[in-house]
Amino acid sequence: MHSLMRRAWVDIDLGALLRNGTTVAAHAGVPLLPMVKADAYGLGAVRVARTLEQLNPWGFGVATIGEGEELRRAAIARPVLVFTPLLVEEFDAAIRADLTPTLGDVHSITRWSETGRPWQLAVDTGMSRAGVQWNEIDALLAVVRDVPPQGVFTHFHSAERNDATRAVQEKRFAEAVARLPVRPPMVHAENSPAVEHGGASEWSVVRPGVFLYGVSSGNSPQIRPEQVASLRARVVDLRTIDDGETVSYGGTYRAAGTRRIATLAIGYADGYRRVLGNRASVLLRGKRAPVAGVVTMDMTMVDVTDVECEVGDVATLIGADGDERIDVTDVAALGDLSPYEVLTGLRGRLPRRYVGGEG
Ligand SMILES: *Cc1c(COP(=O)(O)O)cnc(C)c1O
């Protein structure tokens, strides 16, 4: 066994990633612009991008210059869009790494236009986060006429709810795009939940993130992803405790009768959140074992009274074991967390082990 896998790790199924990408592209009927920001939601941007290259994506989406530079160092040659607004001071670095900024104010567009390089126009239709507000686009028309953007896009704030806000945002977006002197060659909007709840895309590309990484937004989606990431940790200690003894900080778990407690070598410093204590379960030898007491920084205790296990056994905290499985969304719901937070949190000390994914 690889020495890194002795303690706790994330298994990443690149074959499932590829199939999820195929599912999105087939459903939307347009090329992908996969979002690989935040190290591909914690799964490893370079491995993810290399795998998805097999689907001929238009390019990739990141949040920072550093993330774009990492893709370039790995010889990813397609366009890379940076979706968080860049400061003018960052332009030189963006040029050196051949990154495409998403801009929305006159000052930065004017400065960027001096480079003669492509850029895309961000339109805020209700997220109130980045880009020009849809009803203030007239302020940009002069500069946009001089240096037309390669693309224009917006971002939905509640697509997973599949409610009326999407139509409102789409209408605002259409109005803003119609006011541009020339329709840009590329127009895009859909994130994963928008693809899951929509039909074929009416735009040029779709921008899925979380669906690729195996997380569905629920609410009767039209397509479903396969699970990509599994979180595993080894049993490193075992004890039997008497009736009334407590487990972990604060003594929040109290044994009702004699209980068998296993210690897993994973904690909140690995991204298995403290709040999951006394709420979540793990899988051991295909059976569920509840987390006993709060999760500590480096270790998590589980009640294995009804599960036979030994030191060295591998527990599954997210993923499948036998007929049982635990999804990212299950863990998120138990901890009142967003599934995005759970996925992006699996970092730091956790090595990643990749399987599959070759075309
Ligand atoms: C993160 C992000 C996406 C992808 O969102 P998912 O819900 O993970 O599919 C798409 N577009 C923009 C602008 C984003 O920031």
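J.: Give me the site of the ligand: which residues, what numbers.
T.: Contacts to the ligand come from 14 residues, most closely from Lys37, Tyr41, Ser192, Val210 and Tyr340. Here Ser192 contributes a side-chain N or O atom positioned 2.5 Å from an oxygen atom of the ligand. The backbone of Val210 places a nitrogen or oxygen atom 2.8 Å from an oxygen atom of the ligand. For the ligand, whose free accessible area comes to 390 Å², the fraction covered by protein is 93%. Counting only elements with at least two residues in the shell around the ligand, the list comes to helix 2 (37–41) and helix 9 (192–197).

J.: Could you give an account of the pattern of salt bridges, naming the residues involved and the relevant values?
T.: Two side chains with opposite charge may pair up if their charged atoms get near one another. In the structure shown here, the tally under the stated rule is 22 salt bridges. When the shortest N-O distance is used, the salt bridge between Asp138 and Arg179 registers 2.6 Å. Residue Asp138 is found in the loop between strand 6 (132–133) and helix 7 (141–146), and its partner Arg179 is found in helix 8 (residues 165–179); the two are separated by 41 residues along the sequence. With a relative accessible area of 48%, Arg179 lands in the partly exposed category. Between Arg161 and Asp163 there is a salt bridge; the shortest N-O distance is 3.3 Å.

J.: Any details on the side chain of Ser281? Residues and values, ideally.
T.: Tracing the backbone shows Ser281 in strand 13 (residues 281–284). Once you skip the residues sitting within four places of it in the chain, Ser281 turns out to touch Tyr272, Arg288, Ala289, Pro290, Val291, Leu317 and Ile326.

J.: Go over the packing of aromatic side chains, please, and point to the residues and values.
T.: Inspection of every chain in the model, using the stated rule, returns 5 aromatic pairs. Each ring, one from Tyr41 and one from Tyr213, has its centre 4.9 Å from the other, and the planes form 50 degrees; the classification is tilted. A residue pair is termed long-range when its members are at least 10 positions apart, and Tyr41 in helix 2 and Tyr213 in the loop between helix 9 and strand 9 (229–241) qualify at 172 residues. Arranged with centres 5.1 Å apart and planes meeting at 90 degrees, the rings of Phe91 and Trp112 form a pair that is edge-to-face. A residue pair is termed long-range when its members are at least 10 positions apart, and Phe91 in helix 5 (residues 91–96) and Trp112 in helix 6 (residues 106–113) qualify at 21 residues. Residue classification places Trp112 among the buried positions, given a relative accessible area of 0%. Here a set of aromatic residues connected by ring pairs shows up, and it is made of Tyr41, Tyr213 and Tyr340. A cation sits over an aromatic face here: Arg47 above Tyr354, 4.4 Å from the ring centre. Here Arg172 stacks its cationic end above the ring of Trp134, 3.7 Å away from the centre of that ring.

J.: Residues and numbers for the domain arrangement of the protein chain, please.
T.: Where interface size is quoted, it is often the accessible area lost as the parts come together. What the domain assignment reports for the protein chain is domain 1 (15–197) and domain 2 (229–326). Computed over C-alpha atoms, the centres of domain 1 and domain 2 are 41 Å apart.

J.: So what about helix 8? Which residues, and what values?
T.: Think of an α-helix as 3.6 residues a turn; residues three or four steps apart then line up on the same face. A rise of 1.5 Å per residue sets the reference length of helix 8, with its 15 residues, at 21 Å; its end C-alpha atoms lie 22 Å apart and thus fit the reference within 8%. Among all positions of helix 8, only Arg166, Gln169, Glu170, Phe173, Ala176 and Val177 are buried. Down the axis of helix 8, the buried set is contained in an arc of 130 degrees. They therefore lie on one face. Residues Lys171 and Ala178 are exposed on helix 8 and point more than 90 degrees away from its buried face. Looking at the buried side of helix 8, the elements it contacts are strand 5 (120–124), strand 7 (151–153), strand 8 (186–188) and helix 9.

J.: Report on the packing of helix 1 (residues 14–28) against helix 3 (residues 45–52), specifying residues and quantitative values.
T.: Interhelical geometry of helix 1 versus helix 3 gives an angle of 55 degrees and a closest axis separation of 10 Å. With respect to each other, helix 1 and helix 3 are oriented oblique. Classified by chirality, the crossing of helix 3 by helix 1 is right-handed. Of the residues in helix 3, those touching helix 1 at Leu14, Leu17 and Leu18 are Arg47, Val48, Thr51 and Leu52. When grouped by side-chain class, the residues that make up the contact of helix 1 with helix 3 number 5 nonpolar, 1 polar and 1 charged.

Cut-offs and rules
- Residues numbered from 1 in each chain as written.
- Predicted model: local features only at pLDDT ≥ 70, side-chain atom pairs only at ≥ 80, totals over all residues.
- Heavy atoms only, no water.
- Near = heavy atom within 4 Å.
- Polar contact = N/O pair within 3.5 Å; in protein donor to acceptor, adjacent residues only side chain to side chain.
- Areas by Shrake-Rupley, 256 points an atom, 1.4 Å probe, with all protein chains shown as cover.
- Helix = DSSP H or I, 4+ residues; strand = E, 2+ residues; numbered from the N terminus.
- Salt bridge = Lys/Arg side-chain N within 4 Å of Asp/Glu carboxyl O.
- Buried < 20%, exposed > 50% of the residue type's maximum accessible area, 1.4 Å probe, protein only.
- Contact = heavy atoms within 4.5 Å.
- Phe/Tyr/Trp six-rings, centres within 6.5 Å; stacked < 30°, edge-to-face > 60°.
- Lys NZ or Arg CZ within 6 Å of the ring centre and 35° of its normal.
- Domains from an automatic or database assignment.
- Expected span 1.5 Å × (residues − 1).
- Arc of directions from axis to C-beta.
- Axes fitted to C-alpha atoms, helices over the stretch in contact; angles between N-to-C directions.
- Parallel < 35°, antiparallel > 145°, perpendicular 65-115°, else oblique.
- Left-handed = near helix turned anticlockwise from the far one by under 90°.
- Nonpolar A, V, L, I, M, F, W, Y, C, P; charged D, E, K, R; others polar.

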